[in-house]
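A closer look at the structure
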Amino acid sequence: MPQQPTRLFDLFRLTLPLCGLLGLFGLLMPDSLIAAAAAIIRTAYASLDWFFMAAVSSFLIFLIWIAFSRYGDVKLGEDDDQPEFSTSSWIAMLFATGMGVGLLFWGSAEPLMHFDEPLMGSARTPAAASRAMVLTAFHWGLHAWAIYGVVALAIAYFGFRRHEPYLPGSPVRHVFLGRWVAPVAWGSDLLAVVVVAFGVAGSLSMGVSQLQTGLHEVFGTSSQSLGISVGILVALIVVYLGSAITPIDVGIRWLSNINMVLALLLLSVVLFSGETSFILRVFVTSIGEYLQALPELAFQTYPHKVGGEWLQKWTLTYFSSWIAWAPFVGVFIARISRGRTIRQFVGGVLVVPTLISILWIAVFGGTALHEELYGRGGISEVISQDVTLSLFTLLQRLPFSRVVAIIAISLDFLFLVTSADSATFVLGMFTSDGQLDPPRNRRLAWGLSVGVLAVALMLSQNLDAVRSITVLSAVPFTAVIMMQMAALGRTISLEKQL
Amino acid sequence: MSGMRGMRAMAAILLLVAGCQGERARLHLGAKDFPEQLVLAEVVAEVIANAGIARPQVINCGNTSGCDGALYSGRVDLMVEYTGTALNYQGVARAHRYSMMEQLRELGKSHGLTWLDPLGFDNGYRVVVPTHRATALKLRAIVDLVRFSEGVRVVCPPSYVGRPMDGLASLLSRHGLRLRGKPLLITKAAERYHALLTNRADIAVGYGTDGGLRDLGVTVLEDTLGFHPPYQAALVVRSPVLEEYQGLRKVLDSLQGRIDGVTMRWANYQTQVQGRSPGIVARALLQRLGFIAKGTVGRRPLRDLELVYGKHDRVESLAVKTTRVIHQVFAERAVQLRKVHDPVEMLLQGKADLALLGAERFFPSREGRVRAAERRVNAVAVISTRALHVLRRRGEPADTKPLDGRVGVEHSENSAGRVVGTLLGMAGVRIATSDSAGKLLTRLKEKDLDAVVIVGEVGDALIAQAIAEIPLELVPLPPLESRHLLPYLRPQRIPPGTYKEQNAAVETLGSQLLLATRAAQKDQVGSHVQALSARRKRISARQVQHLLEVTMINGRPDPLLPAAAPLHATLHQERQSRAAGKTSDVLLNSGVFAFLIWLGWVVIRAP
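Now for a description of the structure that goes with this document. For clarity, every value in this text was computed on a predicted model and none was experimentally measured.

Take the overall build of chain B next. Of the regular secondary structure elements, chain B holds 22 helices and 22 strands. Relative to its full complement of 607 residues, chain B shows a buried share of 47%. Across chain B, every contact between residues at least 6 apart in sequence was considered, and the portion connecting residues at least 24 apart equals 75%. Within the structure as shown, chain B displays about 28,900 Å² of accessible surface, and the carbon and sulfur contribution to it stands at 53%.

Here you go:
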């Protein structure tokens, strides 16, 4: 029952200026407003942390259930559709989509931060190290991918099998009736657009400072100069716009392949030139420890123990980021998964990226922890001064350090480019009634707007505005994802063929 | 297709990397389980790496038998060993001093080991007593311990007890001593000396290079019977390795005789007492020896810490002490001292990491009224306590009230001076003048003033000098009602004898001098992500804890002051800070429940 989305307002003509307005607002946002926004967020977290935890864990449980149920054989597409991409390509693209800039840095920094300031137990002991790995895996593993997976599954199912447009509001539109449907669905689309636009602009402007630090470490260029920051940002914008002009198969696919090669190269170099067997031991052990700790971590909100603040600072912040990125990553995953059965889909989306993330964390975090526990140390001292240095300080300890650092910088640059590129694609999709291939000028328009927004944010140094918007929108978006999940659950039970 | 090509390229690169690994395996450098060995291992590794050979991998091989076993079996290629220990391990009777090295070289040949010339220090066992005991009982040599008729209480490393030839049993029997009670077995040198100094033992057996031997008030007893053999440290290398790596011998020989006992004690002091990491101390040691150029400690220089203090606050002498405290926690960070007009402002603006503040600076006052504590700044640790010294010329009649005449206080640019002015002003004392401390004392001497009130540490040098020379006397601060308005002023007792001819204790008021930092902004969500953009960071909770431990002797920060958050908040504190306002809590939660119920109903009802 495909239906035309009842357009209350043309999304494109509304959201583009809206984003601009919000951007301007963010630029000039006085500190008192930011404090107010932060207070709202804090209140939301303090009152609803149980809800976030339960919601995200329920996404995971839902996915596992649906994969094992008889609906696991349902194809995302027509019954006779073959998978659009070969399995290896599909996995490579999943990897490329999910492995973002964040893991590049936090993979080495987060384990050290947990190691240095653990919630429980003594700091800087081997037990703290093992716990640090588990917590990092928890934040970047199954829960993150469950969030993306539910959104992706909903959009893929309703898009490929029920021929709805590829919009976050489509599942709701398709399944439910009532006067509330249209505004709620439209609201979801609007929210998704705003969140993706700001999220990407924010990550671009943060990425600039990371790149600048990296260049400073390797080439000795200034780490404070605004000129260099602007230069880097302009380079980023030019490259991703260039890629945005080309169709999806060319620009993004090519860049993703390079990304993957570089990432694997970096991973291998660090793995094989460092403490190889130690890292691999950490990898294997962390899988087991993570799975063991998962049932407890998935539901723990510390009513009887100290940990509430820690939960807000770490876990909930991550969950909000993943939820804010879900429309973007989810749509992308959906896009590449035509023809897969639900079981394959869940397996691919949950298991593979989680394993790869844990491997990445084991390699980088494990190396850092080894240095701190058994080696020369000094990395956590650097982190306490500047987090972005953690990766480069670590890389300096390895052979071929300069080459490796250059690879890391290139990887960082390309990740930013691909995520900006795919974001403009997704934004184009959302504002063109969910077409699979949005018109090029729309994509360009979004590309330029996101670029301008990023420049403005970087110049104003006002990242708080972005973060406030991202986190504030995570609260209602959780509700959106739950509605998608509900719509999916409801519709899938109608699959009578099985 | 492009995928396949990419795969092949990657495989080639991987092979290259792996291949580079296998061609020249890294040397394995063994280190025993204690800091001296770790430092020496790092030193040797660094020297080898600087000479262009692949940096050896430092392997912690446990205790002597573990390490020597590893050396023989080839798991370890080289290590620093002590001559006496090595002979002991092989069960060879202790030979005369001159032929120890020859003996080892002979034995080494049959095992394929080469002993290089000694590094230059002797880490033999030493018997140590507290200096005051040595002076009191006139103890000079170990044999003098027979004066302990009931026997001696001993503290020593655990491994000392079991040694057959030169262990505890032999020591006692050879010198005709008796053991009282069970020996205290403590591995860590610093704890051993602490046990000795707190009278849990009469003698401590330690190592000649123990860091604790420096300025800790202990004396080494002479080994007149020559009981303990010298334990010269030297490098022992597997002979095949020396042949395979040309240039290794030359590199290792460059260390011969370079590290003397003083240097090693210094290095041990850094690791054992100061708690710095072996790698960093190794680098510093190499700098001292001139092997590496200055300024290359650590691969990248960490940003300096900025410590600010008020220009007129008279805390300069304490600034140096504060720097040492900071160094104990922040190894390898240089500390920049800056005098500023308003240290609190510097902290809030993020222009300084730490500030040295009197407690009064936490309570800004406006128009003479004290406001509530400044919560944006946190007290981290106490550096010292300062007291209000009421001074007048010696020889004044005892019954005159000191504050009735012309009273001088420090000028209001000095934050402590401001406090005194406020305190006295509120108490109705007439203040004749305000000036700098030095000038006040001069004017008191010249009879221009009758009394001055100066804030300073107990035993402050300026005050002590003035009291001795002018001469002045310290009088108690009369009880003032107004002190309740300045709650951070606590009763302070200046003990008798602190100043010249001060025969009685003097009661006055005092306040703490603290190390402070900017408070964490509670409302920052995802503050660790904030870290990506913040330039000057707050010190971490762990560092706060460490600073507290290091300054524990000075007491904890006054509970009135906003304290830096402890690492582990109590459950109660967290519950309080976690509680959202009741209305918002109810609204949000009922909203969420309404949503969930609605969603459930929408899903379940028939289409």
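It is worth spelling out the packing of aromatic side chains at this point. One pass over the full model with this rule turns up 27 aromatic pairs over all chains. Judged by centre distance (5.4 Å) and plane angle (65 degrees), the rings of Trp140(A) and Tyr318(A) are edge-to-face. With Trp140(A) in helix 5 (residues 126-140) and Tyr318(A) in helix 12 (residues 308-336), this pair connects stretches of sequence that are 178 residues apart. Using a relative accessible area of 6% as the deciding quantity, one classes Tyr318(A) as buried. Consider the rings of Phe595(B) and Trp598(B), whose centres lie 6.1 Å apart with planes at 35 degrees: the pair is tilted. Of this pair, Phe595(B) and Trp598(B) are both found in helix 22 (residues 582-604), 3 residues apart, which corresponds to roughly one turn of the helix. Classification of Phe595(B) as buried rests on a relative accessible area of 16%. Linked through ring pairs, Tyr45(A), Trp50(A), Phe51(A), Phe52(A) and Phe593(B) together constitute an aromatic cluster.

All names here are of chain A. Direction vectors running N to C along helix 4 (residues 101-116) and helix 12 enclose 160 degrees, while the axes themselves pass 14 Å from each other. Judged by the angle between their axes, helix 4 and helix 12 are roughly antiparallel. In this structure, the crossing between helix 4 and helix 12 has a hand that is left-handed. Judged by residue contacts, Trp106, Glu110, Met113 and His114 of helix 4 engage Trp310, Trp314 and Tyr318 from helix 12. When the residues that make up the contact of helix 4 with helix 12 are grouped by side-chain class, the tally is 5 nonpolar, 1 polar and 1 charged.

With that out of the way, let us pick up the packing of helix 5 of chain A against helix 11 (residues 276-297) of chain A. Residue and element names in this part refer to chain A. Where helix 5 meets helix 11, the closest approach of the two axes is 8 Å, and the angle between their N-to-C directions is 65 degrees. The orientation of helix 5 relative to helix 11 falls into the category roughly perpendicular. At the point where helix 5 passes helix 11, the crossing takes the right-handed sense. Side by side, helix 5 and helix 11 meet where Ser130, Arg131, Met133, Val134, Leu135, Ala137 and Phe138 of the first sit next to Val282, Ser286, Glu289, Tyr290, Ala293, Leu294, Glu296 and Leu297 of the second. Among the residues making up the contact of helix 5 with helix 11, the classes are represented as 10 nonpolar, 2 polar and 3 charged.

The subject of this paragraph is the sheet that holds strand 8 (residues 203-207) of chain B. All names here are of chain B. Within the open sheet, the 5 strands sit side by side as 7-6-8-5-9. Their pairing is mixed. Lying at the two open borders of the sheet, with one neighbouring strand each, are strand 7 (184-185) and strand 9 (218-220). Bridging between strand 5 (residues 125-130) and strand 8 involves 4 bridges; their strand directions are antiparallel. Across the sheet, Val128 pairs through a bridge with Ala204, a residue of strand 8. Packed onto the sheet, helix 9 (residues 189-197) meets strand 5, strand 6 (154-156), strand 7, strand 8 and strand 9 and runs at close to 160 degrees relative to strand 8.

All names here are of chain A. For Val349, the location among the structural elements is in helix 13 (residues 342-374). Given a relative accessible area of 1%, Val349 falls into the buried group. Each C-alpha atom, one on Val349 and one on Ser337, is 9.8 Å from the other, the two residues being 12 residues apart in sequence. With residues near it in sequence (within four places) discarded, Val349 still touches Leu94, Trp145, Gly149 and Ile333.

A word on the side chain of Ser473(A). Residue and element names in this part refer to chain A. One can find Ser473 in helix 18 (residues 463-492). Overall, the relative accessible area of 7% leaves Ser473 in the buried class. Setting aside its immediate chain neighbours within four residues, Ser473 contacts Leu191 and Val195.

Residues and elements named next belong to chain B. With 12 residues, helix 16 (residues 415-426) should cover 16 Å at 1.5 Å per step; its first-to-last C-alpha distance of 17 Å lies within 8% of that length. A large share of helix 16 lies buried, amounting to 9 of its 12 residues. Buried within helix 16 we find Ser415, Ala416, Gly417, Val419, Val420, Gly421, Thr422, Leu423 and Leu424. Turning to helix 16, the residues buried within the fold contact strand 16 (377-393), strand 17 (407-410), strand 18 (431-435), strand 19 (451-457) and strand 22 (506-518). Its side-chain oxygen at 2.8 Å from the backbone nitrogen of Ala416, Asn414 defines the N-terminal cap of helix 16. Positive phi appears at Gly428, one or two residues downstream of helix 16, with a value of about 85 degrees.

Calculation rules
- Residues numbered from 1 in each chain as written.
- Chains lettered and ligands numbered in written order.
- Predicted model: local features only at pLDDT ≥ 70, side-chain atom pairs only at ≥ 80, totals over all residues.
- Heavy atoms only, no water.
- Helix = DSSP H or I, 4+ residues; strand = E, 2+ residues; numbered from the N terminus.
- Buried < 20%, exposed > 50% of the residue type's maximum accessible area, 1.4 Å probe, protein only.
- Contact = heavy atoms within 4.5 Å.
- Areas by Shrake-Rupley, 256 points an atom, 1.4 Å probe, with all protein chains shown as cover.
- Phe/Tyr/Trp six-rings, centres within 6.5 Å; stacked < 30°, edge-to-face > 60°.
- Axes fitted to C-alpha atoms, helices over the stretch in contact; angles between N-to-C directions.
- Parallel < 35°, antiparallel > 145°, perpendicular 65-115°, else oblique.
- Left-handed = near helix turned anticlockwise from the far one by under 90°.
- Nonpolar A, V, L, I, M, F, W, Y, C, P; charged D, E, K, R; others polar.
- Pairing = 2+ DSSP bridges.
- Expected span 1.5 Å × (residues − 1).
- Polar contact = N/O pair within 3.5 Å; in protein donor to acceptor, adjacent residues only side chain to side chain.

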